[in-house]
Structures are given as C-alpha cells and as structure tokens.
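# Coordinates in review
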Amino acid sequence: MQFEPLKERAGRYLRKSAVLRKIFYSGLDLLLLRSWHLHKALRSIRKTLPEDASVLDAGSGLGQHSWYMAKKNKGWKIKGIDIIKQQADDCNKFFNSEGLGERVNFESGDLTGLNEKEAYDLIISVDVMEHIENDRQVFRNFWFALKPGGTVLITTPSNKDNSGKTETNAASFASEHVRSGYGTDEISEKLNEAGFSKLEIKYTYGWPGHLSWLLSIKYPAVMIEKSKFFFIILVFYFIPVLPIVLMLNIFDTCINHKTGTGLLITAYK
C-alpha cells in the first residue's frame, strides 16, 4: 500500500468540493496521531512566536496542516511548498475560495533547492524527511531560511518503526521511504551539522499510538486492498473502533515514551 497514489486519488475528489475538503481535513486531524502530536507542539510553540509569524509548511501535501495553522492563528502568514504542482495549485484554489489567499499561499518546489534567508519564524515538516535522500541539504536550507531564534518542528518515523518497511506484501506502508527511520543520534548529528545547537527530541507512537495506527489505518487499508466492498462497511467498522482509537491517541500524547515508532523533533536557531 502506497500513500502517494492515495493522495493523488483523494486530491481528485477534494478539488471538486470545498466542503468535502474541510470534512477530509477534520477526519485526518481526528484519526492521524501525528496530527495530535503536531497540534500539541504547535500550541506550545505559538506562545513564543509573534502574532504575525511567518511560517513555512515544508512538504505541505494536501494542505491540512496549513489549514489548521491558518484557522488557529489569524495573523500568521503561511507558505506551503510541495514537490507535486497539482497539490499546490489545488491548495491555492481552495484557500483563495475561503478568503485566506492573502496570508496563505502554496508553491511547487523541491526542498533541496529551498533558497531563502531568514524568512521564517517557524518551519514545520510533517512526515517528509523520510522521503528525501539528501536530508543534510534540506536541514541546512531550513537553518538558513529561519530567522534568528526561529524554530523548526519535524515529525518523522524513528528507526524503531515496525510499520512494514521490509514486508513484501500489500500491507507495507513505507515502500516510498528512502530510509526506514531516524535514530535519535543520527538526526541530532545531522541537525547539529546544519547549525542547530538546541534540540528537543521525543518518541511518539508508543504502544498506545502503535495500536491506534493498526486499528485506524493499517487494518482498514489492508481490508480495502483485499476488497473494495469494505468501503461500504467502513462506517460500521469505525462506530465501535473510533472511541478506542481516540482514547489511545490521548494516551499517546500524554505519555513520555522511552521508545516509539515516531519522532517529534524541535530544533532552534
């Protein structure tokens, strides 16, 4: 199972309806544990940022994280960059239709070619770095693009990821990654080399988060791949499962994990 074809397919439906896109964003925020951890970190970080902070959504995808930040922080000016031009164009169309075009815009581009100097108070990179071979260059670009005192917030799989990188069956969710995940020493070394001296690294997706991921993402996707009929009964699957998933997500964001299949990194310039 690969995510890029799913994102492309989702994009085709979402560009047809702004209402559908908003519902989709809400569903992602509800189900995806990485959004829970990201939002918690953003609530803490925004206390240190100016009201008119400049923000880069590095690898903006379908735009759900830019949407969250724009709605929660009325003065933030946000730019999203994604390597897929169609996704950037779709996001621009949607955000313009919602009256947010003056302070939120999207461009297509490769983060290895990011060339801006002291432009942003905050950079977020959500499950992007595991897709980029030349990650050292991207980390250097982030450092140069941040204003003095700026912050970069990164979520990525850890090297303890057991989501299926080595599986050969259809349940593999990491086949598009260029690395199976980061160790804390590896990503610390690379960020230090880029110029970041102050780092905070924590594990995410401990046992509650991993169980949540199995119930909310992996098992439904595997069943859908085996039979498209499962789309019809998906809502009935989530009626009993969703409360369990939400409780597990709460636990995962509250526990200080000693290990986990994800990492949340905050680095300061």
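### Side note on the confidence of the model for the protein chain
This prediction gives the protein chain a mean pLDDT of 90; 89% of its residues lie at or above 70. Segment residues 163-172 is flagged for pLDDT under 50; beyond a separation of four residues in sequence, or across chains, it makes 17 contacts in the model.

### With respect to the pattern of salt bridges
Taken as a whole and assessed by the stated rule, the structure comprises 12 salt bridges. Close ionic contact of Lys22 with Glu98 constitutes a salt bridge, the shortest N to O distance being 2.9 Å. Taken together, the residues Lys22 in helix H2 (residues 18-31) and Glu98 in the loop between helix H5 (85-97) and strand S3 (104-108) connect sequence positions 76 residues apart. Relative accessible area serves as the criterion here: at 31%, Lys22 is assigned to the partly exposed category. When its relative accessible area of 28% is taken as the criterion, Glu98 is described as partly exposed. We note a salt bridge from Lys147 to Asp121, for which the minimum N-O separation is 3.4 Å. Of this pair, Lys147 sits in strand S5 (residues 146-157) while Asp121 is found in strand S4 (residues 120-126), placing the two residues 26 residues apart along the sequence. Of the residues examined, Asp121 reaches a relative accessible area of 12% and is grouped as buried. Taken together, the shared-partner salt bridges in this structure form one network comprising Asp135, Arg179, Glu186 and Lys190.

### Observations regarding the sheet that holds S4
Where strands meet in a sheet, backbone hydrogen bonds hold them as pairs that are either parallel or antiparallel. Spatial ordering of the open sheet is given by S3-S2-S1-S4-S5-S7-S6, a layout of 7 strands whose pairing is mixed. On the outer flanks of this sheet lie S3 and strand S6 (198-204), each paired with one strand and no other. Across the sheet, the mean angle from the axis of one strand to that of its neighbour is 15°, orientation sign disregarded. Of the pairings in the sheet, the one linking strand S2 (residues 77-82) to S3 comprises 5 bridges and is parallel in character. Considered in S3, the bridge of Gly80 is made with Phe106. The strands touched by helix H6 (residues 135-145) are strand S1 (54-58), S4 and S5; relative to S5, the strand with the most contacts, the crossing angle is about 145°. Against the sheet, helix H7 (residues 184-194) makes contact with S5, S6 and strand S7 (262-268), and its axis sits at roughly 155° relative to S6, the strand it touches most.

### Side note on the environment of Met223
On the secondary structure map, Met223 appears in helix H8 (residues 207-226). Looking at Met223, the relative accessible area reads 29%, which means it is partly exposed. Between the C-alpha atoms of Met223 and Leu234, which are 11 residues apart in sequence, the distance is 9.7 Å. Beyond its immediate chain neighbours, meaning those up to four positions away, Met223 contacts Phe230 and Tyr237.

Here is what the cut-offs are and how they apply
- Counting from 1, residues in each chain are numbered in the order their sequence is written.
- Residues qualify for local features only when their pLDDT is at least 70, as the model is predicted, and side-chain atom pairs are given and counted only at 80 or more; totals for whole chains, interfaces and linings, by contrast, use all residues.
- The side-chain quantities take in all heavy atoms of the structure and omit both hydrogens and water.
- Residue-level confidence of the predictor, termed pLDDT, takes values from 0 up to 100.
- The criterion used for residue contact is that any of the two residues' heavy atoms lie within 4.5 Å.
- Take a side-chain nitrogen of Lys or Arg and a carboxyl oxygen of Asp or Glu: if they are within 4 Å of each other, that pair is a salt bridge.
- Each helix is a run of DSSP H or I of at least 4 residues and each strand a run of E of at least 2, with the numbering of both proceeding from the N terminus.
- Relative accessibility thresholds used throughout: buried, under 20% of the residue-type maximum; exposed, over 50%; partly exposed, between the two (1.4 Å probe, protein chains only).
- Paired strands, as defined in this entry, are two strands with at least two bridges between them according to DSSP.
- Here an angle of 0 to 180 degrees is reported between the N-to-C directions of two axes, which are lines fitted to C-alpha atoms, with helices fitted over the stretch in contact.

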